[in-house]
Amino acid sequence: MSIFDGKRFFVYGNGLSGRAACKAIKKHGGKARVYADINGMFIPPPDKDYDGAVISPGIRPTHKVYEYCAEHGIKTYSEIEIGFALSDGRKIVGVTGTNGKTTVTRLIADMSDGVACGNIGYPLCAAVLEKSEKPLVCELSSFQLYRSVISPTVAVITNVTSDHVDWHGSLKEYYAAKCNVANGMDGGYLVLGEDVSVGSLCALHTSAQIIRCSTSTVIDGAYVADGYFCFGGDRICPVDYLRLPGEHNVKNALCAIAAAKCIGADNSSVINALSSSEPSPHRTEKAGYACGKQWIDDSKGTNVAACLAAIAQTDGTVCLILGGRGKDTDFGELFCALDNRVIEVVAMGETAQAVRDAACALTPELKISVVSSLSDAVAKAAESKAKTVLLSPACASFDEFKSYAERGERFKAAVRALGRTK
């Protein structure tokens, strides 16, 4: 007998996760139907006799579907809660954080011969339907974790900085969502990245054993000592085995090593994963050479911390393309920390004026141009005297594109076009 036998659900949101949750419920004896907004308006299901509602992660907390469920006594679930309920004892690693989620998820999956899923583009509900005993390594966004109660075998928080405040309503609520990756655990392990601050854990209440990471101190966890990655007092391999560039990726690797070791990965598998790792698409990816400059696609850099990390990886002088749809982003934080190798900024999209205002107030000597679109930004950057043009917007893409991936692909296409015409 399945836990969903005879149960009726409506699924609100017809994206990948919503459809996967609907299929999973039906396959396990329940009834489910997908609904979605029509012309931007909430359309209630035709009847109110439901045992639960699965709300897709893109739907904001202020959406009327939550009010509807509260009024009619319908319990709400996330797609990942459905996936966890159907995981049938498989090991699950839940990975969250402001930055580094995708990198850490892929590394853990490679180290443990696991299945990367979740926010990475393969819903957890789809992954659990595949008959396998492989560990599930699930990337979890703050949207997915909102109101979720889950209990992974191992939870990972890579880092937490300000992000998605527009969606959650406050930084406190954003922090609380991140802590939900471990708040439902009654055992297991919680891996905390080196840059996870105490303040961001104010909502953490977990029974998991905490494993820390450090790039500078020998600790009872994952750490770097004498140029080696180490875990639990044992050397694993030299740090330079890691193919991913940047200090932030050393920190990501420590999180992955800790999580993988907690689910039984051996050193040879860890070493193979580190030495064959490659950057995620649109994360400091070389886009080409044109107009005498190197062009870098970091469209995945949708917040200030990611943008600063991308700048740190560049060589020589930089023309930085910033902007898009804001997430209550504090651009002042960015310009206060800006590397002096950045000699020019091109501000684009809905936040262009906010970027300009912050730059003028804090770095008045910095050359800044304001444009409306990505294509205009590329054309303006082509005139720069910088050695490198870096697209790292510190903003979401939804003012002009469907996703950061589409924005990155359009950027690379524009760079290729420059190479043909210049």
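Owing to the predicted nature of the structure, the values given are computational and were not obtained by experimental measurement.

Trainee: What exactly am I supposed to notice about the pattern of salt bridges here?
Mentor: Side chains bearing opposite charge may pair, as long as their charged atoms lie close to each other. Counted under the stated rule, the structure contains 13 salt bridges. A salt bridge links Asp195 to Lys251, with the shortest nitrogen-to-oxygen separation between them at 2.9 Å. Here Lys251 lies in helix α9 (residues 247-262) and Asp195 lies in strand β9 (residues 189-195), a separation of 56 residues in the sequence. Asp195 gets classed as partly exposed once you look at its relative accessible area, which sits at 42%. In this structure, Glu409 engages Lys412 in a salt bridge whose closest nitrogen and oxygen atoms are separated by 3.2 Å. Separated by 3 residues within a single helix, Glu409 and Lys412 lie in helix α15 (residues 404-421), roughly one turn from each other. Salt bridges sharing partners connect three or more residues here, namely Glu285, Glu409 and Lys412.

Trainee: Whenever I open this one, the packing of α9 against helix α10 (residues 267-275) confuses me. Can you help?
Mentor: Any two packed helices are characterised by the angle at which their axes cross and by the distance between the axes. Viewed as axis vectors pointing N to C, α9 and α10 meet at an angle of 150°, and their least axial separation amounts to 11 Å. Accordingly, the angle class assigned to the pair α9 and α10 is roughly antiparallel. When the axes of α9 and α10 are compared, the crossing they make is right-handed. Here Ala253, Ile257 and Lys261 of α9 come into contact with α10, specifically with Asn267, Val270 and Leu274. Partitioned by chemical class, the residues of the contact of α9 with α10 number 4 nonpolar, 1 polar and 1 charged.

Trainee: Sorry if this is basic, but what is going on with α10 here?
Mentor: Structurally, the α-helix is built with 3.6 residues per turn, so residues lying three or four positions apart point the same way. Inspection of α10 places Val270, Ala273 and Leu274 among the buried residues, and these make up the whole buried set. Around the axis of α10, the buried residues are gathered within 95° of arc, so they sit on the same side. Buried positions along α10 lie against α4 (101-112), β12 (228-231), β13 (234-238) and α9.

Trainee: What is the right way to read the packing of aromatic side chains from this model?
Mentor: The geometry of an aromatic ring pair comes down to the distance between the two centres and the angle between the two planes. Per the counting criterion, the structure on display carries 12 aromatic pairs. Each ring, one from Phe10 and one from Tyr50, has its centre 5.1 Å from the other, and the planes form 75°; the classification is edge-to-face. Of this pair, Phe10 sits in strand β1 (residues 8-12) while Tyr50 is found in the loop between β2 (31-35) and β3 (52-55), placing the two residues 40 residues apart along the sequence. Here the aromatic rings of Phe143 and Trp167 are separated by 4.3 Å at their centres, their planes lie at 25°, and the arrangement is stacked. Of this pair, Phe143 sits in helix α6 (residues 142-145) while Trp167 sits in helix α7 (residues 165-168), and the two are 24 residues apart along the sequence. A relative accessible area of 22% places Phe143 in the partly exposed class. Taken together, Phe10, Tyr12, Tyr35, Phe42, Tyr50 and Tyr68 form an aromatic cluster joined through their ring pairs. Positioned over the ring face of Tyr77 is Lys75, at 5.3 Å from the centre of the ring.

Procedures and definitions
- Residues numbered from 1 in each chain as written.
- Predicted model: local features only at pLDDT ≥ 70, side-chain atom pairs only at ≥ 80, totals over all residues.
- Heavy atoms only, no water.
- Salt bridge = Lys/Arg side-chain N within 4 Å of Asp/Glu carboxyl O.
- Helix = DSSP H or I, 4+ residues; strand = E, 2+ residues; numbered from the N terminus.
- Buried < 20%, exposed > 50% of the residue type's maximum accessible area, 1.4 Å probe, protein only.
- Axes fitted to C-alpha atoms, helices over the stretch in contact; angles between N-to-C directions.
- Parallel < 35°, antiparallel > 145°, perpendicular 65-115°, else oblique.
- Left-handed = near helix turned anticlockwise from the far one by under 90°.
- Contact = heavy atoms within 4.5 Å.
- Nonpolar A, V, L, I, M, F, W, Y, C, P; charged D, E, K, R; others polar.
- Arc of directions from axis to C-beta.
- Phe/Tyr/Trp six-rings, centres within 6.5 Å; stacked < 30°, edge-to-face > 60°.
- Lys NZ or Arg CZ within 6 Å of the ring centre and 35° of its normal.

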